[in-house]
Amino acid sequence: MKIIVAIAFILILASLGSALFFLMRDKGKSNRTVQALAMRVGFSIALFLLILLAYKLGYIQPTGIH
């Protein structure tokens, strides 16, 4: 489960980085920045739903604050 979450975070950061790259390169003449940011939002929502599903199925457990 930790590997899946780490991969999802890497995908989110890569999408954010590509949006910055397209923003700097295209100077607002293309919609590639919007598409990259939309992918980032999609990855974030998918990660949130995956964590909720894993909790409901018992794959992850809360540890609390020690």
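Everything quoted here is computed from the prediction, not taken from an experiment. (Residues numbered from 1 in each chain as written. Predicted model: local features only at pLDDT ≥ 70, side-chain atom pairs only at ≥ 80, totals over all residues. Heavy atoms only, no water.)

Undergrad: Honestly, the side chain of Ser 15 in this entry has me stumped. Any pointers?
TA: By the element assignment, Ser 15 lies in helix H1 (residues 2-26). Taking relative accessible area as the criterion, Ser 15 reaches 6% and is therefore assigned buried. Engagement of the side chain of Ser 15 in a polar contact is seen with the backbone oxygen of Ala 36, the distance being 2.5 Å. In this view, Ser 15 contacts Ala 36, Met 39, Arg 40 and Phe 43; residues no more than four positions away in its chain are not counted. (Helix = DSSP H or I, 4+ residues; strand = E, 2+ residues; numbered from the N terminus. Buried < 20%, exposed > 50% of the residue type's maximum accessible area, 1.4 Å probe, protein only. Polar contact = N/O pair within 3.5 Å; in protein donor to acceptor, adjacent residues only side chain to side chain. Contact = heavy atoms within 4.5 Å.)

Undergrad: What should I look at first to understand the environment of Lys 2 in this one?
TA: With respect to the helices and strands, the residue Lys 2 is situated in helix H1. Residue Lys 2 is classed as exposed on the basis of its relative accessible area of 77%. Considering only alpha carbons, one finds Lys 2 and Ile 60, 58 residues apart in sequence, at a separation of 9.7 Å.

Undergrad: Looking at this structure, how should I read the environment of Met 24?
TA: Looking at the element boundaries, Met 24 is found in helix H1. Using a relative accessible area of 54% as the deciding quantity, one classes Met 24 as exposed. Sequence spacing of Met 24 and Ile 45 is 21 residues, and the spatial spacing of their C-alpha atoms is 26 Å.

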